[in-house]
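Structural overview
Here are the chains, one letter per residue:
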Amino acid sequence: MTSSASSWLTPRRMLMASVVVATVTIALKTLAWYITDSVGLLSDAMESLVNLASAVFGLVMVTIAARPADDDHPYGHHKAEYFSSGFEGVLIIVAALGIVWAAGHRLLDPQPLEQVGWGLALSVASSALNGLLAWVMFRAAKQHRSIALEADAKHLVTDVWTSAGVVVGIAMVHLTGWLWLDAVVAIGVALNILKEGGHLIWRSSQGLMDEAVEPDVQATIEQTLAGFAHSRGDTPIIRFDHVSTRKAGQRRFVDLHMHMPAAWTLGRAAALRISVEQALMSAVPGLRASIQLLPMDVEAHLHDEKDLI
């Protein structure tokens, strides 16, 4: 993805596109269910309805997350995206339970399907639309490190696989005449999206609990710090410790201690700290670094119980 394309495909714009696509796929899948009377296609349409609701909610949360820091939120509003991911997970689970309920009734009272060819064609068309959007959203989510965008893209991929399973199931019903297979396909769809909903809720909870940054970002931070560490023989001159990281939506944060000779002037120490901060933020876009300066012979015992008194 080119830089101009990535700058245009912002999380907000991608979620607006998701709202439009979800509206179109709901219309296509609802029409497919209406002309076939397939509970499998009904389950597919219900999942697209969840897509629409979660895309709208995600759009609201991304808008909130983009707000600048203020007096009440001095660290920004970036964690709002995690609420979007968790809310989408809850919606998926509710939709899955609704599908199981509808499919259970159809399993006990199978019904013949009508105009299967048109129904499958509409389902395939909507799946192709979702698949294309998901591909673009995954690339944009990686570029902007947006969990809300990633969650919506994963849900779209789940929707594509769901539609594929439904298409195969409906085709089998048409070829074999086994009407009960329609309900079985719908239940399989429900179990699949139930798993995805649970995963999204788990991801959201981890983000709200200040989860550490990704391993590749952690490695980049350590590599950058290693470039500034310096020793004279076995005697360290500049060293770093107590490095801790966390992520909040699109932002990444690192806190650390930088030790240097006690004889250095405050101006020299501050100049080096600025250089380290700039290097870290250049190596990891969106990173915010907080560095505490300490003399080489001073240690901060952050986990000492005496420090809590």
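Residues numbered from 1 in each chain as written. Predicted model: local features only at pLDDT ≥ 70, side-chain atom pairs only at ≥ 80, totals over all residues. Heavy atoms only, no water.

This brings us to the packing of aromatic side chains. Given two aromatic rings, one states the distance between the centres and the angle between the planes to describe the pair. The final tally for this structure, using the stated rule, is one aromatic pair. Ring geometry for Trp178 and Trp180: centres 5.8 Å apart, planes at 15 degrees, overall stacked. Residue classification places Trp180 among the partly exposed positions, given a relative accessible area of 41%. Directly above the aromatic system of Phe253 lies the positively charged group of Arg246, at a separation of 4.1 Å from the ring centroid. (Phe/Tyr/Trp six-rings, centres within 6.5 Å; stacked < 30°, edge-to-face > 60°. Buried < 20%, exposed > 50% of the residue type's maximum accessible area, 1.4 Å probe, protein only. Lys NZ or Arg CZ within 6 Å of the ring centre and 35° of its normal.)

A separate point is the packing of helix H2 (residues 11-36) against helix H3 (residues 39-65). Axes are the key here: two packed helices are described by the angle between their axes and the distance separating the axes. Relative orientation of the contacting elements H2 and H3 amounts to 165 degrees, with a least axis distance of 8 Å. As judged from the angle between their axes, H2 and H3 are roughly antiparallel. Here H2 and H3 pass one another in a crossing that is left-handed. When grouped by side-chain class, the residues that make up the contact of H2 with H3 number 17 nonpolar, nine polar and three charged. (Axes fitted to C-alpha atoms, helices over the stretch in contact; angles between N-to-C directions. Helix = DSSP H or I, 4+ residues; strand = E, 2+ residues; numbered from the N terminus. Parallel < 35°, antiparallel > 145°, perpendicular 65-115°, else oblique. Left-handed = near helix turned anticlockwise from the far one by under 90°. Nonpolar A, V, L, I, M, F, W, Y, C, P; charged D, E, K, R; others polar.)

This part takes up the pattern of salt bridges. This model, assessed by the stated rule, comprises two salt bridges. Arg252 is the salt-bridge partner of Glu214, the closest N and O atoms lying 2.8 Å from each other. With a gap of 38 residues between them, Glu214 in the loop between helix H7 (180-208) and helix H8 (215-226) and Arg252 in strand E3 (residues 251-260) connect regions that are remote in the sequence. Looking at Arg252, the relative accessible area reads 3%, which means it is buried. (Salt bridge = Lys/Arg side-chain N within 4 Å of Asp/Glu carboxyl O.)

With a phi angle near 50 degrees, His242 is a residue other than glycine that sits in the positive phi range. Within the secondary structure, His242 is located in strand E2 (residues 235-248). Among the residues examined, His242 registers a relative accessible area of 30% and is labelled partly exposed.

Here we come to H3. Compared with an ideal rise of 1.5 Å per residue, which puts 27 residues at 39 Å, H3 spans 38 Å between its outermost C-alpha atoms and is within 8% of the ideal. N-cap assignment for H3: the residue whose side-chain oxygen lies 3.2 Å from the backbone N of Leu41 is Ser38. (Expected span 1.5 Å × (residues − 1). Polar contact = N/O pair within 3.5 Å; in protein donor to acceptor, adjacent residues only side chain to side chain.)

Attention now goes to the environment of Ser146. Among the secondary structure elements, Ser146 is positioned in the loop between helix H5 (116-144) and helix H6 (147-176). Overall, Ser146 belongs to the buried group, its relative accessible area being 1%. Remark: the alpha-carbon pair of Ser146 and Thr10, spanning 136 residues in sequence, is separated by 9.5 Å.

Turning to the nonpolar core, a few remarks are in order. Ile99, Val166 and Ile170 are the most contacted members of the largest nonpolar core, which totals 28 residues. Residue assignment for this core shows that the elements contributing at least two residues are H2, H3, helix H4 (80-108), H5, H6 and H7. Counting residues per element, this core draws most heavily on H7, at eight residues. The contact partners of Val166, leaving out residues within four places of it in the chain, are Gly40, Leu41, Ser43, Asp44, Val185 and Val189. Membership of the second largest hydrophobic core comes to 20 residues, among which are Val213, Ile238, Leu280 and Val284. (Core = buried A, V, L, I, M, F, W, Y, C linked by side-chain atoms within 4.5 Å. Contact = heavy atoms within 4.5 Å.)

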